[in-house]
Amino acid sequence: MPVVAMTVNGKPASADVEARTLLVHFIREHLGLTGTHVGCDTSQCGACVVHVDGRAVKSCAILAVQAEGADIVTVEGLAKNGELHPVQQAFREHHGLQCGFCTPGMIMTAVDLIRRKPNLDEKTVREELEGNICRCTGYHNIVKAILAASQAMR
Amino acid sequence: MYQFNYARPKSLAEAEALLAKADDPKLLAGGQTLIPTLKQRLAMPSDLIDIGGLKELDFIRAEGNAVMIGAATKHATVAQSPDVKKHNPALAALAEGIGDPAVRHMGTIGGSIANNDPASDYPAACLALDAKIHTTKRLIEADEFFKGMFETALEDGEIVKEITFPHPEKAAYMKFPNPASRYAMVGVFVSKGPWGIRVAVTGAGQDGVFRVKEMEDALAKSWSPDAVASIKIPAKGLNADLHGTAEYRAHLITVMAKRAVAAAG
């Protein structure tokens, strides 16, 4: 079995995995980081979004071996020194979640979005959430939270 | 997923050698179609040869009257490229509309055209913009490249290296996406350039992307949305599924063509 090695949330991580192991399974099962969720497993829902070399990627649609040598950030890697990331903070303040299942993917997508497009408006946020599905909230508070976070991070 | 061997060659030459050696290999680029396909056990390759990270296939250059795009260039890179935005804004807009942001961070132009999904976007751009597809063996005209549903002119062991898009004078792509999959129910790419006028349709045809001669002739006489408004596309040979009948798609082609001509200006 191939040995795969990458950096996850700033720390080196490696394991013997089958070539067919998905990145999301490597993260959840080999590293025990269960913040990244598997929702649909058909790359539609976005609950599994993590950052690979700084870009939002669906970790259920990429093999762990494809991420060999990459720098991965999961939702567990956002908070620093016990302080929530501004996007996490905004989701909390604006009640941007209900059951919380889609939240890790929403937050990782939002962090990537704010990096790419610092001056966000509501329409852009809604378009950019195309690949993230929430079945509880109807998105209103998620959009509010992302807009508030983008303001706070300016 | 079935088991497979995985290799990540460091050069195109090494990739070709690995392809020649393997039993039933498949090239992996971004994997945004291939990985889901493998997960559903719809394919069982012996080897995956990962060319997604090859730097020699990841470039965008504007030279002369064309933009050259390396096969492993990601959709997000094409969408944000100053060269593509300047010379071929319709192509940049098409790339920005593929899948969703996370898919665009992985999916590649070479993977998209080599797979030739009958509902994917890039084949319509290639066909409407008279693109040249450079492979490890030869140059293939877009008109000759797309052979049918998931079928192309590519031979075993042949790898797409680069796609050359001559600059259009006018162009636009209009897609009616399936709200769940975001693939095109119908997408129409219209263009005017040194090649004349072209209208390419994706998402609708049972044999994949195709051109609509009647619309091209009408637009040659008069470049306006009205010129195509009364053209009725026969439903024969069009896809029908739970999302829409062949007649519905036929009607959508005219609607999307009208919108595309209007958007192209």
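Rules used throughout
Residues numbered from 1 in each chain as written. Chains lettered and ligands numbered in written order. Predicted model: local features only at pLDDT ≥ 70, side-chain atom pairs only at ≥ 80, totals over all residues. Helix = DSSP H or I, 4+ residues; strand = E, 2+ residues; numbered from the N terminus. Contact = placed C-beta atoms within 7 Å. Domains from an automatic or database assignment. Nonpolar A, V, L, I, M, F, W, Y, C, P; charged D, E, K, R; others polar. Axes fitted to C-alpha atoms, helices over the stretch in contact; angles between N-to-C directions. Parallel < 35°, antiparallel > 145°, perpendicular 65-115°, else oblique. Left-handed = near helix turned anticlockwise from the far one by under 90°. Pairing = 2+ DSSP bridges.

Participant: Can you lay out the environment of B:Gly148 for me, pointing to particular residues and giving the numbers?
Facilitator: On the secondary structure map, B:Gly148 appears in strand β8 (residues 146-148). Residues contacting B:Gly148, with those up to four places away along its chain left out, are B:Asp207 and B:Gly208.

Participant: Let's hear about the domain arrangement of chain B: which residues, and what values?
Facilitator: Residue and element names in this part refer to chain B. Each domain of chain B was delimited in the assignment, giving domain 1 (52-166) and domain 2 (170-264). Across the contact, 23 residues belong to domain 1 and 26 residues belong to domain 2. When residues of the side of domain 1 that touches domain 2 are traced back to their parent elements, those giving at least two are α5 (89-96), α8 (122-128) and β8. Per-element accounting of the side of domain 1 that touches domain 2 gives the leading share, five residues, to α8.

Participant: Quick rundown of the interface of chain A and chain B? Include the residues and the values.
Facilitator: The accessible area lost on association of the parts is a frequent measure of interface size. Tallying the contact residues gives 22 residues for chain A and 20 residues for chain B. Per element, the largest residue contribution to the side of chain A that touches chain B is four residues, and it comes from strand β4 (residues 55-58) of chain A. Of the residues assigned to the side of chain A that touches chain B, the class counts are nine nonpolar, seven polar and six charged.

Participant: Tell me about the packing of helix α3 (residues 103-116) of chain A against helix α5 (residues 140-152) of chain A, and name the residues and values.
Facilitator: Residue and element names in this part refer to chain A. Taken N-terminus to C-terminus, the directions of α3 and α5 make an angle of 40 degrees; their axes are 10 Å apart at the nearest point. On the basis of the axis angle, α3 is oblique to α5. Where α3 crosses over α5, the handedness of that crossing is right-handed. For the pair α3 and α5, the contacting residues are Met106, Ala110, Leu113 and Ile114 in the first and Ile142, Ile146, Ala149 and Ser150 in the second. Of the residues contributing to the contact of α3 with α5, the split by class is seven nonpolar, one polar and no charged.

Participant: Describe the sheet that holds strand β14 (residues 210-211) of chain B, naming the residues involved and giving the relevant values.
Facilitator: All names here are of chain B. Read from one edge of the open sheet, four strands run β11-β12-β13-β14, paired in antiparallel fashion. In this open sheet, the two edge strands, each paired with only one partner strand, are β11 (170-177) and β14. Across two bridges, the pairing between strand β13 (residues 196-202) and β14 is antiparallel. Residue pairing for β14: Val201 is matched across the bridge by Phe210. On top of the sheet, helix α12 (residues 246-264) reaches β11, β12 (184-193) and β13; it is set at about 40 degrees to β12, its chief contact.

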